[in-house]
Amino acid sequence: MNNDIGQFTVLRELRPTIESNLARHRAESVQWRPADIVRAEMYWGASASTLTEAAKAALVTNLLVEQNIPLYRRDTSSGEGGAWASWIAEWSSERTRHAEAVTDYLVATRSVDPTALGRARAQCMTVGFDSPMNGAHLLRSLVQVAIEVSVSSICLRNTADQCHDPVGDRLLGCIVADQELHITFFENLISAALDVAPGLTVTAITEVVMNFQLPGTNLPGFARSAMLIERDGIYDLARHLDEVLRPMLAQWRVFERTDLGGGARRRDQLADYLDHLDSQTAATARSHAHVREHANALRAS
């Protein structure tokens, strides 16, 4: 357990975990094609999309995020081949499939303007976007991606409820199933990193959690999309805390470890930040309850 080793040394130490998890992923993943699920002729004659505005916003944001390749992949893959490079290639391919599938679904159901969506995709591919936690720092990037994929999975699972369409349910179910395998891969990798370099890894976890922004924050129109997604319960701060952060941190046993060295101070900062999020969540819940009460009173008068 070394808190002073470099990131590429960490990557080499993680090689057995990468190899075993790649093998698990290949054994458990199910191959599928977008055309097996959604085809334009399924919706010929349909008068209008059944998707809510929040569902449309969530799906457009998701596909724009999925089609972009995080910058850290270029930085880290150059230092290590083998199973790591194979994983990056397979994960990237599956993300591309997700983006293509969601695009096909949105266009087939007449939920978006295809020309406008094409421009948005081209703009994102040309300009790109990335989280400040991605980049050349391997451990931060791994934590960032683990949280991002978990956020996306929860969003898509809740979006399926607002599609009112069995095809949409099946399509999003296939994507979520892929993402759950991705989450397992990254969570297991971070668990192993905690054994290799506990202090460095806890520091990375703390930095990512405290600086986390929803994927696609700097996309055009994101503010409106985020408002709709939160308003309709697809994703909000309470879900972020209770369905993403707390389960991940519990799995990694962050608050149980006794081998953190200087990283213990960063863990204390993380604990304080979670308390802050908890207070924010409670305040938001009280505010929403007050708004509902006021609206009900107006309707009753």
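Residues numbered from 1 in each chain as written. Predicted model: local features only at pLDDT ≥ 70, side-chain atom pairs only at ≥ 80, totals over all residues. Heavy atoms only, no water.

Chemist: Honestly, the packing of helix 3 (residues 53-67) against helix 10 (residues 222-231) in this entry has me stumped. Any pointers?
Modeler: Geometry of a packed helix pair, given as the angle between the helix axes and the separation of the axes. Look at helix 3 against helix 10: their axes get within 8 Å of each other, and the N-to-C directions meet at 125°. Relative to helix 10, helix 3 is oriented oblique. The two elements helix 3 and helix 10 meet at a crossing, and its hand is left-handed. Listed contacts from helix 10 to Glu53, Ala54, Ala57, Ala58 and Thr61 of helix 3 are Phe222, Arg224, Ser225, Leu228 and Ile229. Residues of the contact of helix 3 with helix 10, tallied by class, amount to six nonpolar, two polar and two charged. (Axes fitted to C-alpha atoms, helices over the stretch in contact; angles between N-to-C directions. Helix = DSSP H or I, 4+ residues; strand = E, 2+ residues; numbered from the N terminus. Parallel < 35°, antiparallel > 145°, perpendicular 65-115°, else oblique. Left-handed = near helix turned anticlockwise from the far one by under 90°. Contact = heavy atoms within 4.5 Å. Nonpolar A, V, L, I, M, F, W, Y, C, P; charged D, E, K, R; others polar.)

Chemist: It is not clear to me how the side chain of Asp165 should be interpreted in this structure. Could you clarify?
Modeler: Residue placement: Asp165 occurs in the loop between helix 7 (138-160) and helix 8 (166-196). There is a polar contact of 2.5 Å between the side chain of Asp165 and the side chain of Tyr43. For Asp165, the side chain forms a polar contact with the main-chain nitrogen of Val167, separated by 3.1 Å. Residues contacting Asp165, with those up to four places away along its chain left out, are Tyr43, Thr50, Tyr105 and Thr109. (Polar contact = N/O pair within 3.5 Å; in protein donor to acceptor, adjacent residues only side chain to side chain.)

Chemist: Even after reading the chapter, I still don't get the pattern of salt bridges, so can you show me in this structure?
Modeler: One side chain can pair with another of opposite charge once the charged atoms of both are near each other. The tally for this structure, following the rule as stated, stands at 17 salt bridges. Of the charged contacts, one joins Arg246 and Asp278 as a salt bridge, the two residues approaching to 3.5 Å between their closest N and O atoms. Of the two residues, Arg246 sits in helix 11 (residues 237-251) while Asp278 sits in helix 12 (residues 263-300), which places them 32 residues apart along the sequence. The class of Arg246 is partly exposed, set by a relative accessible area of 36%. A relative accessible area of 37% places Asp278 in the partly exposed class. The network of salt bridges with common partners includes Glu53, Lys56 and Arg224. (Salt bridge = Lys/Arg side-chain N within 4 Å of Asp/Glu carboxyl O. Buried < 20%, exposed > 50% of the residue type's maximum accessible area, 1.4 Å probe, protein only.)

Chemist: Is there a simple way to think about helix 10 in this case?
Modeler: Count 3.6 residues to each turn of an α-helix, and residues three or four apart come out pointing the same way. Considered for burial, the residues of helix 10 that qualify are Phe222, Ser225, Leu228 and Ile229. Along the long axis of helix 10, the arc covered by the buried residues comes to 125°, so they all point the same way. For helix 10, the exposed residues set more than 90 degrees away from the buried face come down to Ala223 and Arg231. Of the residues one or two after helix 10, Gly233 is the one with positive phi, at around 75°. (Arc of directions from axis to C-beta.)

Chemist: Whenever I open this one, unusual backbone geometry confuses me. Can you help?
Modeler: Glycine aside, residues mostly have negative phi angles, and peptide bonds mostly take the trans form. Unlike most non-glycine residues, His164 shows phi in positive territory, near 55°. With a relative accessible area of 55%, His164 lands in the exposed category. Backbone geometry places Arg253, a non-glycine residue, at a positive phi of 55°. With respect to the helices and strands, Arg253 occurs in the loop between helix 11 and helix 12.

Chemist: Hey, could you run me through the nonpolar core in this one?
Modeler: Counting 56 residues, the largest nonpolar core has Trp84, Ile147 and Ile205 as its most contacted members. At 11 residues, helix 7 tops the list of elements feeding residues into this core. For Ile147, the residues in contact, after removing those within four places along its chain, are Val208, Val209, Phe212, His240, Val244, Leu245 and Met248. Membership of the second largest hydrophobic core comes to 25 residues, among which are Leu59, Tyr105, Ala160 and Cys174. (Core = buried A, V, L, I, M, F, W, Y, C linked by side-chain atoms within 4.5 Å.)

Chemist: It is not clear to me how the packing of helix 3 against helix 7 should be interpreted in this structure. Could you clarify?
Modeler: Axis separation between helix 3 and helix 7 bottoms out at 10 Å; the angle between their running directions is 145°. Along this stretch, helix 3 crosses helix 7, giving a crossing that reads as left-handed. From helix 3, Ala55, Ala58, Leu59 and Asn62 reach across to helix 7, where they touch Ser152, Leu156 and Thr159. Considering only residue class, the contact of helix 3 with helix 7 consists of four nonpolar, three polar and no charged.

Chemist: For this particular structure, what's the right way to read the packing of aromatic side chains?
Modeler: Working definition: an aromatic ring pair is given by the centre-to-centre distance plus the angle between the planes. Summed over the entire model, instances satisfying the criterion amount to six aromatic pairs. Seen from their ring centres, Trp87 and Trp91 are 6.4 Å apart, and the 5° between their planes marks the pair as stacked. A residue pair is termed a helical-turn pair when its members lie 3 or 4 positions apart in one helix, as Trp87 and Trp91 do in helix 5 (residues 82-108) at four residues. Considered together, Trp87 and Trp91 belong to a single accessibility category, that of buried residues. A centroid spacing of 5.6 Å and a plane angle of 75° characterise the contact between Phe185 and Phe186, whose relative ring orientation is edge-to-face. (Phe/Tyr/Trp six-rings, centres within 6.5 Å; stacked < 30°, edge-to-face > 60°.)

Chemist: How do you make sense of the environment of Ile190 when you look at a structure like this?
Modeler: Take Ile190: it is sitting in helix 8. Look at Ile190 and you get buried, because its relative accessible area is 2%. Contact partners of Ile190, with chain neighbours within four places excluded, come to Leu142, Val143, Ala146, Thr201, Ile205 and Trp252.

Chemist: I would appreciate a short explanation of the environment of Arg253 in the present structure.
Modeler: The class for Arg253 is partly exposed, based on a relative accessible area of 41%. Spatially, the C-alpha atom of Arg253 lies 9.4 Å from that of Leu194, the residues being 59 residues apart in sequence.

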